[in-house]
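Examination of the molecular architecture
Here is what each chain is made of, one letter per residue.
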Amino acid sequence: MRTLPLLAQLLGCPVCESSLEAATEALVCKGCKQTYPNWAGLPWLFHRPHEYRADWGHRLRFYVQSLERDIQTLKLEQKIPDLLSSTVERLRYIIQGKIEQQREIEKLCHELEVPAMGSYELHTAMGTPLPEQQSLLGYYANVLRDWGWGESENQATADFLSEVMGPEQLGVMAVLGSGPSRLAYDLHRRYPGSTTLAIDINPFYLLVAARMIAGKTLQLYEFPMAPRDLKSFAVKVKCKAPEPIKEGFHLLLGDATRPSLKPASVDTLLTPWLIDVLPLDLRAFATRINRVLKPDGRWVNFGALVFHQTLQSRCYSREEVLDILAASGFEVLKSADRELPYLQGPHSCQKRLELLFAFSARKVREVPILAEVEPTPAWLEHVTDIIPPWPELQQQVFINHSLAVILAQVNGQRSLRDLSELLVPQMGMSAEQILPVLRRVLGKAWDQRLKARTF
Ligand SMILES: C[S@@+](CC[C@H](N)C(=O)[O-])C[C@H]1O[C@@H](n2cnc3c(N)ncnc32)[C@H](O)[C@@H]1O
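The shown structure was predicted, so the numbers you read here are calculated from the model rather than taken from an experiment. (Residues numbered from 1 in each chain as written. Predicted model: local features only at pLDDT ≥ 70, side-chain atom pairs only at ≥ 80, totals over all residues.)

With that settled, the discussion passes to the domain arrangement of the protein chain. Looking at the protein chain, the domain boundaries give domain 1 (3–39), domain 2 (52–132), domain 3 (137–363) and domain 4 (390–447). Just the C-alpha atoms count here: the centres of domain 2 and domain 3 sit 28 Å apart. Contacts between domain 2 and domain 3 engage 17 residues on the former and 17 residues on the latter. Elements with a contribution of two residues or more to the side of domain 2 that touches domain 3: helix H2 (49–78) and helix H3 (85–112). For the side of domain 2 that touches domain 3, the leading source of residues is H3, giving 13 residues. Grouping the amino acids of the side of domain 2 that touches domain 3 by side-chain chemistry returns seven nonpolar, four polar and six charged. (Domains from an automatic or database assignment. Contact = placed C-beta atoms within 7 Å. Helix = DSSP H or I, 4+ residues; strand = E, 2+ residues; numbered from the N terminus. Nonpolar A, V, L, I, M, F, W, Y, C, P; charged D, E, K, R; others polar.)

As structure tokens, this is what we get:
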């Protein structure tokens, strides 16, 4: 079945939860009439799809700009006198890698039809996250592992999950946070007859996945943190799937915390490396998963448990996760730990292992949806709502303002002593007290000018 008609059967509107219908290159809500476009071959199931595309477009553009910056900085570095010839060679490798990476990413920007918007400086000031910085872990390496570093790590993962899941059919399987989607792809091939929906919030990963499942190739670059030798500082990685998928595999952009899946619409719901990276409390998330599963449907989870919640009480252990399952209408069929290789790139000195946790749990009863303890403020949703100031805001304004005041005083005519005397009235400190602050702030700004971004 083609993607949009199938999605119209399985999905509900992320805004009002009414049914959707397939239109030309879009899904349209039968209730609120909101349109969910199909851009770059992907359905965008977000509340405000245009904003999402602009935001992700900024990230990709910013990444291209960052690469350009790096290339210019490296070219200047090449001119440093007395460099070893092997150093010159290494710099040449990195520059070449960044140029080719820039070209490949430009092509993806082109597919997204993102207009050039905002300077490098503006994106830096606004804190525009680069695609790899969406979380603390950074997921770019997942693309290389999934499609470029060979089979062994992917196979070990799929073997472990097959053991946990057993031979039972997957039916309609939704994979939330599928990333570059290799695991979804492997399970789809291992369990013939499945219908797979691979869902992620990040169009970069799904654009990569779309190319892979279509049998196309991408030439991406790896810049390892711990390169094993000179040539490993920039390595071209050919990304390609073992074979294309023709039937039953669909990619979809959406937010896992508000899965637009209809109630009781899926047989299997897989969350690979997701439950601990979501901002939503697992107790609330588990009730949403319960809702979209059919009676007897299975929730299968895999990954580490490294929760990044602000509240310690929400950073759960394995034992608490199993308790949450029981309280959210699930019966645990199997849970297991396995030590597996983790992002072991062939060109890196680092070889990490992780003790990973998986479970398969059957939905045995319906439970009510648990509300978020701290919901998104209304003024972030409704553009005309007044924004009420919060206590820490003044502090944040003061910190940013002080930094801007200090940096703006550097005009090519002043010393540290001049600056410290000049800033006495603004900073409410003596010139002597200001000096170490200035050394730290300006020292950091000086270091930052050299800081190359890696991807
Ligand atoms: C740790 S990565 C795991 C990726 C993939 N499952 C794997 O095993 O390689 C987490 C993934 O969740 C996605 N993600 C994070 N927040 C999400 C959300 N709210 N909705 C959907 N996907 C999300 C990220 O884009 C990323 O692809």
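Here we take up the site of the ligand. As a matter of local geometry, the ligand sits amid 21 residues, with Gly177, Gly179, Ile201, Ala256 and Trp273 nearest to it. Its residues assigned to classes, the shell around the ligand comprises twelve nonpolar, seven polar and two charged. (Near = placed C-beta within 6 Å.)

Put simply, the protein chain has an average pLDDT of 90, and 93% of its residues get 70 or more. In the predicted structure, residues 130–137 sits below a pLDDT of 50 and forms 20 contacts with residues beyond four places in sequence or in another chain. (pLDDT = per-residue confidence, 0-100.)

Before going further, it helps to examine H3. If you check H3, its first and last C-alpha atoms are 41 Å apart, about what 28 residues at 1.5 Å a residue would give, namely 40 Å. Within H3, burial applies to Ile94, Gly97, Lys98, Gln101, Ile105 and Leu108. Where H3 is buried, its residues touch H2, helix H8 (203–213) and strand E7 (218–222). The first or second residue beyond H3 is glutamate 113, which carries a positive phi of 50°. (Expected span 1.5 Å × (residues − 1). Buried ≥ 20, exposed ≤ 12 C-beta atoms within 10 Å, placed from the backbone.)

Below, the discussion takes up the nonpolar core. Counting 86 residues, the largest nonpolar core has Ala174, Val175 and Leu269 as its most contacted members. Tallying contributions element by element places H8 first for this core, with eight residues. Apart from residues no more than four positions distant in its own chain, valine 175 is found in contact with Ala184, Thr196, Leu197, Ala198, Ile199, Leu270 and Pro272. (Core = buried A, V, L, I, M, F, W, Y, C linked by C-beta atoms within 7 Å.)

Let us look at the pairing of strand E6 (residues 195–200). Of all six residues in E6, six are buried, a share of seventy percent or more. Here E6 shows no split at all, with Thr195, Leu197 and Ile199 on one side and Thr196, Ala198 and Asp200 on the other all buried. Taken together, strand E5 (residues 172–176), helix H7 (residues 182–190) and E6 form a β-α-β motif whose crossover is right-handed. Note: E6 against strand E9 (residues 249–254), five bridges, orientation parallel. Within the sheet, the bridge partner assigned to threonine 196 lies in E9 and is phenylalanine 249. (Right-handed = clockwise from strand over helix to strand, strands pointing away. Pairing = 2+ DSSP bridges.)

Close contact between helix H6 (residues 152–165) and H7 brings their axes to 10 Å; oriented N to C, the two are set at 55°. Between H6 and H7, the angle falls in the class oblique. H7 is crossed by H6, and the crossing has right-handed handedness. Seen from H6, the contacting residues are Asn154, Thr157, Ala158, Leu161 and Ser162; seen from H7, they are Arg182, Leu183, Asp186, Leu187 and Arg190. Grouping the constituent residues of the contact of H6 with H7 by class yields four nonpolar, three polar and three charged. (Axes fitted to C-alpha atoms, helices over the stretch in contact; angles between N-to-C directions. Parallel < 35°, antiparallel > 145°, perpendicular 65-115°, else oblique. Left-handed = near helix turned anticlockwise from the far one by under 90°.)

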